[in-house]
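If you want the building blocks of each chain, they are given just below.
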Amino acid sequence: MQQHKILVADDSRSVRAILRRTLTSAGYDVILASDGLEAVRSAQRDQPDLVILDIQMPEMDGYTACQEILALEQMSSGVPIIFLTRDTARHLNLLGTQLGAYLPKPVAEERLLSTVGRLLRL
């Protein structure tokens, strides 16, 4: 069975490290990006099976990165997006439901892994 690729985009080095450790220990191949622009480039190059995006990032915010990633020709239109952010805007629940999920930071490891598994249908 091929490992699922997960793109994690967050401007916090410590958040990226925690997510990488959690996801790789669960058997996922993790690609890291430190801003929205890097996330779009990584998605284009690596074609991940799932994307985890922070909202407030330099260069390009998570909303714009999400739009750009979903518009990429080589990406499946059904690639799930998890918004993992401290932002508490009401529309995030709706947007997360439409595109994948919304998880507020900090998130428990079990909740993250169960959400990822559900979205990848494991």
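Here, every reference points to the structure presented above.
For clarity, every value in this text was computed on a predicted model and none was experimentally measured.

1. A few points about the packing of helix 1 (residues 13–25) against helix 5 (residues 109–119)
- As a packed pair, helix 1 and helix 5 sit with axes 11 Å apart at the nearest point and diverge in direction by 60°. When the axis of helix 1 is compared with that of helix 5, the two are oblique. The chirality of how helix 1 crosses helix 5 is right-handed. Contacts between helix 1 and helix 5 involve Leu19, Thr22 and Leu23 from the former and Glu109, Leu112, Leu113 and Val116 from the latter.

2. Regarding the nonpolar core
- Ranked by internal contacts, the top residues of the largest apolar core, which has 22 residues, are Leu7, Ala39, Val51, Leu53, Ile69 and Phe83.
- Going through the elements one at a time, strand 1 (5–9), strand 2 (29–33), helix 2 (36–46), strand 3 (50–53), helix 3 (62–71) and strand 4 (81–85) are the ones with two or more residues in this core.
- Ignoring sequence-local partners within four residues, the contact set of Leu53 consists of Ala9, Ala39, Gly62, Ala65, Cys66, Ile81, Ile82, Phe83 and Leu84.
- Counting residues in hydrophobic clusters, the runner-up holds 17 residues, among them Leu50, Leu103, Val116 and Leu119.

3. Re the sheet that holds strand 2
- On the basis of which strands lie adjacent, the open sheet formed by five strands has the order 2-1-3-4-5 and parallel pairing. Where the open sheet ends on each side, the last strands, each with one partner, are strand 2 and strand 5 (100–104). Taking each pair of neighbouring strands and ignoring which way they run, the sheet shows an average axis angle of 15°.

4. Things to note about the pattern of salt bridges
- Counted by the stated rule, this structure contains three salt bridges.
- A salt bridge links Lys105 to Asp54; its shortest N-O distance comes to 3.5 Å. On the criterion of sequence distance, the pair formed by Lys105 in the loop between strand 5 and helix 5 and Asp54 in the loop between strand 3 and helix 3 is long-range, its members being 51 residues apart. For the pair shown, Lys105 and Asp54 are each scored as buried.
- The network of salt bridges with shared partners includes Asp10, Asp54 and Lys105.

5. Observations regarding the side chain of Asp54
- Taking the relative accessible area as the measure of exposure, Asp54 reaches 5% and is therefore buried.
- A polar contact of 3.2 Å, which involves the side chain of Asp54, links it to the side chain of Thr85.
- Those residues in contact with Asp54 that sit more than four places away from it in its chain are Ala9, Asp10, Asp11, Gly62, Leu84, Thr85 and Lys105.

6. Thoughts on unusual backbone geometry
- Backbone torsion omega between Lys105 and Pro106 reads -10°, so that peptide bond is classified as cis.
- Structurally, Pro106 can be placed in the loop between strand 5 and helix 5.
- One non-glycine residue, Glu59, adopts positive backbone phi at about 70°.
- Mapped onto the elements of the fold, Glu59 is located in the loop between strand 3 and helix 3.

Rules used in this analysis
- Residues numbered from 1 in each chain as written.
- Predicted model: local features only at pLDDT ≥ 70, side-chain atom pairs only at ≥ 80, totals over all residues.
- Heavy atoms only, no water.
- Axes fitted to C-alpha atoms, helices over the stretch in contact; angles between N-to-C directions.
- Helix = DSSP H or I, 4+ residues; strand = E, 2+ residues; numbered from the N terminus.
- Parallel < 35°, antiparallel > 145°, perpendicular 65-115°, else oblique.
- Left-handed = near helix turned anticlockwise from the far one by under 90°.
- Contact = heavy atoms within 4.5 Å.
- Core = buried A, V, L, I, M, F, W, Y, C linked by side-chain atoms within 4.5 Å.
- Buried < 20%, exposed > 50% of the residue type's maximum accessible area, 1.4 Å probe, protein only.
- Pairing = 2+ DSSP bridges.
- Salt bridge = Lys/Arg side-chain N within 4 Å of Asp/Glu carboxyl O.
- Polar contact = N/O pair within 3.5 Å; in protein donor to acceptor, adjacent residues only side chain to side chain.

These figures come from the coordinates and say nothing about function on their own.
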